[in-house]
Each structure stands twice: as C-alpha cells, then as structure tokens.
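# Chains, contacts and geometry: an overview
Residue-level listing of the chains:
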Amino acid sequence: MKIAFYGANRVAKDFYYVLKDTDMEVSLCFADASEDAADFAQGTGLETVPVASLPALRANFDMLVVCDFSHEEKEQTLQAMGLAHGKEYQWVEEIFPLFDDVQLNPEEKPMLVW
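Analysis parameters
Residues numbered from 1 in each chain as written. Predicted model: local features only at pLDDT ≥ 70, side-chain atom pairs only at ≥ 80, totals over all residues. Heavy atoms only, no water. Buried < 20%, exposed > 50% of the residue type's maximum accessible area, 1.4 Å probe, protein only. Helix = DSSP H or I, 4+ residues; strand = E, 2+ residues; numbered from the N terminus. Pairing = 2+ DSSP bridges. Right-handed = clockwise from strand over helix to strand, strands pointing away. Axes fitted to C-alpha atoms, helices over the stretch in contact; angles between N-to-C directions. Contact = heavy atoms within 4.5 Å.

This part takes up the pairing of strand E1 (residues 2-6). With four of five residues buried, E1 is to be regarded as a mostly interior element. Judged from the five bridges that link them, E1 and strand E2 (residues 25-31) form a sheet pairing that is parallel. Bridge pairing in E2 places phenylalanine 5 opposite cysteine 29. Taken together, E1, helix H1 (residues 10-19) and E2 constitute a β-α-β crossover, and its handedness is right-handed.

As structure tokens, this is what we get:
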C-alpha cells in the first residue's frame, strides 16, 4: 500500500520511522507553505511537494494520512479541495489499527513513544 503524508513535520517524521519496515510504503509528502519542506525531504528522503499539487498527484498513492497535532488547518485545506475525511484522507491516529497484524520494529531499533 502506498501512503502519502500531508504534513512535513515532527509527527510525519515519527510516523515515517514506524512505517519504514512495514509493507506500507510512504511515497510522497505534501507540505503547507508554513512547513519546512526542504528540511523534511532532506531528513527523510521523501519527495516533498506543496499541498496545492495534491489533486494532480492523487493517482500516485492509495491513502493520504494527515500528520499533525492539530487538524483544523489541514482539514480546511483538504475540504476546500473537495476531499472528505474517512474517504480520501485519514488522521494519523486512525491508521494504527492497520498494524494489528504487523510486527513493528523487527530490527529492534530504539523507539520512543510519546
């Protein structure tokens, strides 16, 4: 499953770390103008593009995961694009049930849970 993030931030970096050794491939990250997309791309190696390009790139991923501590601004942006929560995008905390049958951290790397 190909996943795209919306949010080039600490939440996305942490979730990317968790997903690295699963069958869920993070293929792309969308960033708001207020986020440091270049720093995020350099730190993760993910292609990071402005959120305005989301409609044109929609065919490149299966699931859009919104990564942020607060959802209001990102939800407004996505709703303005005509996207609906639960259908075209999910909050990062809604994704964890998908891991019920997945062994996280098989290499036993140090992990911090907040």
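Bringing the sheet that holds E2 into the picture now. The parallel open sheet is built from five strands, whose spatial order is E3-E2-E1-E4-E5. A strand with exactly one partner marks an edge of an open sheet, and here the two such strands are strand E3 (48-50) and strand E5 (89-91). Within the sheet, the average angular offset between the axes of one strand and its neighbour, ignoring direction, is 30°. The sheet contacts of H1 involve E1, E2 and strand E4 (63-66), and relative to E1 the element is tilted by about 165°. Where helix H2 (residues 37-44) meets the sheet, it contacts E1, E2 and E3, and its direction lies at approximately 160° from that of E3.

Any link to function would need more than the numbers given here.
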